[in-house]
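Here is what each chain is made of, one letter per residue.
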Amino acid sequence: MLSDAWKKLQNGSDIRGVALEGIEGQHVNLTEEKVYVLAKAFALWLNRKTGKNLEELTVAVGTDSRLSGPALRAATIKGLAEMGVSVADCGMASTPAMFMTTVIEGYEYDGSVMLTASHLPFNRNGMKFFTRDGGLEKADITAVLEIAENETDGTSYNGNGKVFEVDFISVYAADLVEKIRKATGDVKPLEGLKIIVDAGNGAGGFYAEKVLEPLGACTCGSQFLEPDGSFPNHIPNPEDGEAMASIQKAVLDNKADFGIIFDTDVDRAGAVDRNGKEVNRNRIIAMISAIAIEEHPGSTIVTDSITSSGLKKFIEEDLGGVHHRFKRGYKNVINEAIRLNNEGIYTPVAIETSGHGALKENYFLDDGAFLIAKLLIKMAALRKEGKHIDQLIENLEEPSESKEYRMNLLMDDFKDYGMNVIKELGDFAATVPGWTIEPKNYEGIRVSCDKDSGDGWFLLRMSLHDPLMPMNIESNSVGGVEKIVAKLKDFLGGFDKLDTSVL
């Protein structure tokens, strides 16, 4: 049984914690010592999984631009090397690149570790672990933590693994360039296009110099490419309103053809079209769906649960595909797509509204840089026809209003209480005229509302990890969200441990 000190570091299939002081009430719990021990534990876990001796293993280590990254990377390397493992120090890298160290020919390391906490504040950091089978699952992370707590006192291990430096982000970028050239049949398929990158001072700045420019694009006007873990300009997060507004302004000011925005570790991406309109959430899902279903007619697209009704209509009626809504959480969406493929249901894309997009052709790796590469390939093809990429989704119906309410559960043992709220809401919804409960639903409760009762839909679900119940509401009419909220407010207000003040 894990102690709280170790258990609190698990965040689903990742390790996450506070690595720096600086925010009131948040104290460091992901120390260099903890990371050193976790690295040793990962070495033992790999040893058991692969059957290789510790001295036969090679593990790559990389970090994003976080201020705590260099120290934690050094601690990771020290832990692995002391176990006798050879270590490829990749320095500044992206999360997708660190997975690719396990599969790209000439490297094919036994495992990799990425030090990142995605878009979280500057004081946070974490660890993502990979093998050539993909990212570790939740049960694997629990196993690594158990090894860390119980088996790594250091008395039995005095190895001296070699440490060597690898500029792997350049290898990864060159691989992307080659894939785009092969798909387009052109050495410089982006010549004549102006494409702006906003890396938000995360690890994604390489994309301008190492991917776009070799393909012929002009990247002038790109911004915040230099890594800086204090994130002085905006949060590196495609979902953040300020970040998206910044890249939209840059595209319009520079009269660019396209804009690209990454999160800190480049496993998520968003975009902006030539008109300054964001290609994010439902729009980026629609765009990659249009590309994938053209390549594989009739195929299935897996998304998270909060995608719009308009997106479903677009995928199924306009594109002729199948839209399979599943649970929130990028691992949930990816694993569902893998399951469907294993059952013979061709599923080329698994993608969340957050911008986590994983493609079957790319190991089902949630890779923002590869997702954008697919858009660039299509952009180059459409340009030869005198068309623009935004025309791919011109038939996508979008809601007039969209809002998310996040309601706290005011108790420690919150899961049963929250599930009961969902159950009772289902009973209530069944009595409301004009409301129809979605019959095929994998998370929470989703209800469609006719024109007289809100003209849209709502979804109430449990947060994946926190005592929180998010509720997403969309309406095709102005004032529709308010109409739906009005019907929900009194009912949900009857639960004394659910904070409905946000309504």
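Presented here is a report on the structure given in the accompanying data block.

Basis of the calculations
Residues numbered from 1 in each chain as written. Predicted model: local features only at pLDDT ≥ 70, side-chain atom pairs only at ≥ 80, totals over all residues. Heavy atoms only, no water. Helix = DSSP H or I, 4+ residues; strand = E, 2+ residues; numbered from the N terminus. Rg over C-alpha atoms; globule rule 2.2 N^0.38 Å. Buried < 20%, exposed > 50% of the residue type's maximum accessible area, 1.4 Å probe, protein only. Contact = heavy atoms within 4.5 Å. Areas by Shrake-Rupley, 256 points an atom, 1.4 Å probe, with all protein chains shown as cover. Lys, Arg positive; Asp, Glu negative; His and termini not counted. Charge placed at Lys NZ, Arg CZ, Asp CG, Glu CD. Expected span 1.5 Å × (residues − 1). Bend = angle between axes of the 7 residues up to and from the residue. 1 Å grid on protein atoms, 1.4 Å probe; cavity = no way out; pocket = protein on both sides within 12 Å on 5 of 7 lines; lining within 4 Å. Points joined across faces, edges and corners; volume = space filled by probe spheres on them. Polar contact = N/O pair within 3.5 Å; in protein donor to acceptor, adjacent residues only side chain to side chain. Core = buried A, V, L, I, M, F, W, Y, C linked by side-chain atoms within 4.5 Å. Pairing = 2+ DSSP bridges. Axes fitted to C-alpha atoms, helices over the stretch in contact; angles between N-to-C directions.

With respect to the overall build of the protein
A tally of regular secondary structure across the protein gives 14 helices and 22 strands. Over its C-alpha atoms the protein spans a radius of gyration of 23 Å, differing by no more than 12% from the 23 Å that the globule rule assigns to 503 residues. Once the C-alpha set of the protein is aligned to its principal axes, its extents read approximately 70 × 60 × 45 Å. Burial status across the protein gives 57% buried among its 503 residues. Residue pairs in contact within the protein that sit at least 24 positions apart in sequence constitute 68% of those at least 6 positions apart. Taken as a whole, the protein presents about 20,500 Å² of accessible surface, with 47% of it coming from carbon and sulfur. Each charge class in the protein was averaged separately, 54 positive and 77 negative side chains, and the resulting centres sit 2 Å apart.

Here we look at helix α14 (residues 480–492)
In this model, α14 (13 residues) spans 18 Å end to end at C-alpha, consistent with the 18 Å of a helix rising 1.5 Å per residue. Maximum bend of α14: about 25°, positioned at Ala486. For α14, every residue scored as buried is listed here: Gly480, Val481, Ile484, Val485, Leu488, Phe491 and Leu492. Residues of α14 that are buried in the fold lie against β18 (401–408), α13 (415–429), β19 (435–437), β20 (445–449), β21 (456–460) and β22 (468–475).

Focus: the environment of Leu145
When you line up the elements, Leu145 lands in helix α5 (residues 138–150). Aside from chain neighbours lying at most four places away, what touches Leu145 is Leu2, Trp6, Leu9, Gln10, Ile15 and Leu38.

A word on empty space enclosed by the protein
Within this structure, the stated rule accounts for one cavity of 30 Å³ or more. Here the largest cavity defines a volume of roughly 40 Å³. Along its surface, the largest cavity is lined by Arg281, Ile306, Ser402, Lys403, Glu404, Trp457, Asn472, Ile473 and Glu474. Every element with two or more residues in the lining of the largest cavity is listed here: β18 and β22.

A few points about the environment of Asn237
Residue placement: Asn237 occurs in the loop between α7 (206–212) and α8 (241–253). With 26 residues separating them in the primary sequence, Asn237 and Asp263 have C-alpha atoms 4.5 Å apart. Ignoring any residue separated from it by four or fewer positions in sequence, one finds Asn237 in contact with His119, Ala243, Phe262, Asp263 and Arg268. Among the polar contacts listed, one links the side chain of Asn237 to the side chain of Arg268, at a separation of 2.9 Å.

Details of the nonpolar core
Proteins that are soluble and globular tend to have nonpolar side chains buried together. Counting residues in each nonpolar core, the largest one holds 70 residues, and the members touching the most others are Ile195 and Tyr207. With eleven residues, the top contributor of residues to this core is helix α12 (residues 368–384). Look past the residues within four positions of Ile195 in its chain and what remains in contact with it is Leu190, Leu212, Ala217, Cys218, Thr219, Ser222, Phe258, Ile260, Leu376 and Met379. Counting residues in each nonpolar core, the second largest holds 39 residues, with Ala19, Ala39, Ala41 and Leu145 among its members.

Description of the sheet that holds strand β11 (residues 269–272)
Strand-to-strand pairing in sheets goes through backbone hydrogen bonds, with the strands running parallel or antiparallel. Spatial strand order, β9-β10-β11-β12: four strands in an open sheet with mixed pairing. Unpaired on one side and paired on the other, β9 (195–198) and β12 (278–279) mark the two borders of the sheet. Seen against the sheet, α12 touches β9, β10 (258–262) and β11 and runs at an angle of roughly 170° to β10.

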